[in-house]
Amino acid sequence: MTITQPDLSVFETVESEVRSYCRNWPTVFDRAQGSLMYDEDGHRYLDFFAGAGSLNYGHNNPVLKRALIDYLLRDGVTHGLDMSTTAKRSFLRAFQDLVLRPRDLPYKVMFPGPTGTNAVESALKLARKVKGRESIVSFTNAFHGMSLGSLAVTGNSFKRAGAGIPLVHGTPMPFDHYLDGQVPDFLWFERLLEDQGSGLNQPAAVIVETVQGEGGINVARAEWLRRLAELCERRDMLLIVDDIQMGCGRTGAFFSFEEAGITPDIVTVSKSISGYGLPMSLCLFKPELDIWEPGEHNGTFRGNNPAFVTATAALETYWSDGAAMEKQTRTRGEQVEQGLIDITEENLADVKEYRGRGLVWGLEFRDKERAGRVARRAFELGLLIETSGPESEVVKLLPALTVTSEELDEGLSVLARSVRETA
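> Mind laying out a nonpolar patch on the surface, listing which residues take part and the relevant values?
A cluster of nonpolar side chains, Tyr-178, Leu-179, Val-183 and Leu-187, forms an exposed patch at the surface whose accessible area comes to about 350 Å². With respect to the element layout, Leu-187 can be found in helix H9 (residues 187-194).

Written as structure tokens, this is what we have:
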């Protein structure tokens, strides 16, 4: 692909230095549809990034777009705070009928604000209010958001340092596989809880990702998650599952914890819940935890009605027969896994490990700088992929759930070439 030098001057002179993704993909994107993006010069890119997981149904999904356009054309309410609107009612009914009831989940639904970190902040706040304790346990390499409460339960030292103040009331524990199986699961955690001299205050809750996306595609075993849920129940701690990136079908089932057969006390959902990339998040919790006073937690943009419209269309289109969507995701995931197996076998000396579930996968290299080189070469060849992990040592694959088999073959072929050409 021949790429002419794009005009990036206004971004470089006006926009803050904090910008990041645009540095990895130095072009100016203009339009997108499905799993394809095009820059202003018409160059085509296959998107295995999907808005960091906020575009599970692809760019400008036609069914969702039609619902949104029709709603706007009839002057439907766009901003509603927490007022009752027809759009919110339709979403709540669809979510109850197509997601909660079929899974026998009793959750109340809270709209905490437009972003994932809003959902996490509300979950932590509720857990502390319910239990009357301040301590929260999180896990190594966790990522839960960029606001202060979320950063306090995030592992990445670079992101934590950006807070500029001490991040308190959070205690990290080893995630699954962190100690390479040399120590029984939760041995350290249990010992700290039992020992009156450990210095660990009795936690209000434990927050966990079933698959750590930003942390390096670290996949927790179903058995590990079940033992964690049992530990929380036995020790009077609430279990919070952060399903912001891994929910909405990313791992196969609608919620990533379904495979483990657990029912968390609180669940945070965002990114692809709107289906269209529109800001929206949910905090779900068991009814007995709903002890909020009216207005005790709120936010101006928690009533993003266009997001309710596209979310409802996504649920009705892809989850009225949830088994079909789940089966397709698992099938596509097997295709990705086979591609990564082939790449690993071709580069045994360089690839440390591949891992993932559903349509989220990671390829870790022994040379920690290799992943960045692979991602840059992939961009030059027309594939958008990012890196993850504490040292950006993992190539992360996050295609839309609607990606075709042919598009996956194309992307995996580009990835294989990128690995070969960066040796």
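> Mind laying out the sheet that holds strand S5 (residues 136-139), listing which residues take part and the relevant values?
An order of S4-S12-S11-S10-S7-S5-S6 is seen for the seven strands of this open sheet, with the pairing classed as mixed. If you trace the sheet from one side to the other, it starts and ends with strand S4 (108-110) and strand S6 (170-173), each paired once. For this sheet, the mean angle separating the axes of adjacent strands, direction not counted, is 25°.

> Let's hear about the side chain of Lys-88: which residues, and what values?
In this structure, Lys-88 sits in helix H5 (residues 86-100). No salt bridge is formed by the buried Lys-88; its nearest oppositely charged neighbour, Asp-82, is found at 5.7 Å. A polar atom in the side chain of Lys-88 sits 3.2 Å from the backbone oxygen of Asp-82.

> Residues and numbers for a negative patch on the surface, please.
A cluster of like negative charges, contributed by Asp-7, Glu-12, Asp-30, Glu-40 and Asp-41, occupies part of the molecular surface. Structurally, the position occupied by Asp-41 is in the loop between strand S2 (36-39) and strand S3 (44-47).

> Tell me about the packing of helix H13 (residues 370-380) against helix H14 (residues 405-420), and please be specific about residues and values.
For the pair H13 and H14, interaxial distance at closest approach is 9 Å and the crossing angle is 125°. It follows from the interaxial angle that H13 and H14 lie oblique. Remark: the crossing between H13 and H14 carries right-handed chirality. Facing H13, whose interface residues are Arg-370, Val-374, Arg-377 and Ala-378, H14 presents Val-414, Leu-415, Arg-417, Ser-418 and Val-419. When grouped by side-chain class, the residues that make up the contact of H13 with H14 number five nonpolar, one polar and three charged.

Analysis parameters
- Within every chain, residues take consecutive numbers counted from 1 along the sequence as written.
- Note on the predicted model: pLDDT of at least 70 is required for a residue's local features to be given, and 80 or more for side-chain atom pairs to be given and counted; whole-chain, interface and lining totals, by contrast, use all residues.
- To obtain the side-chain values, all non-hydrogen atoms of the structure were included, while hydrogens and water were left out.
- Patches here are clusters of residues that have more than 30% relative accessible area and form no salt bridge, with a 9 Å joining cutoff for like charges and a 5 Å cutoff for nonpolar side chains (Val, Leu, Ile, Met, Phe, Trp, Tyr).
- To measure how exposed things are, a 1.4 Å probe is used in the Shrake-Rupley method; for residues, cover is taken only from the protein chains shown.
- One speaks of a salt bridge when a side-chain nitrogen belonging to Lys or Arg is within 4 Å of a carboxyl oxygen belonging to Asp or Glu.
- Helix numbers and strand numbers start at the N terminus; a helix is a DSSP run of H or I with at least 4 residues, a strand a run of E with at least 2.
- The pairing criterion is simple: DSSP has to find at least two bridges between the two strands.
- Axes here refer to lines fitted to C-alpha atoms; in helices the fit is confined to the stretch in contact. Angles between the N-to-C directions go from 0 to 180 degrees.
- Per-residue accessibility, obtained with a 1.4 Å probe over protein chains only, is compared with the maximum for each type, and a residue is labelled buried under 20%, exposed over 50%, and partly exposed between these values.
- Counting rule applied: Lys, Arg positive; Asp, Glu negative; His and chain ends not counted.
- The definition of a polar contact used here is a pair of N or O atoms within 3.5 Å, where within protein one atom must be able to donate a hydrogen and the other to accept one, and adjacent residues in sequence count solely through side-chain atom pairs.
- Charge placement uses NZ in Lys and CZ in Arg. For Asp and Glu, CG and CD serve respectively.
- Roughly parallel covers angles under 35 degrees, roughly antiparallel covers those over 145, roughly perpendicular covers 65 to 115, and oblique covers all other angles.
- It is the rotation of the near helix from the far one that decides the hand of a crossing: anticlockwise by less than a right angle makes it left-handed, clockwise makes it right-handed.
- A contact between two residues is defined here by any heavy atoms of the two lying within 4.5 Å.
- Residues are grouped as follows: nonpolar covers Ala, Val, Leu, Ile, Met, Phe, Trp, Tyr, Cys and Pro; charged covers Asp, Glu, Lys and Arg; every other residue, Gly included, is treated as polar.

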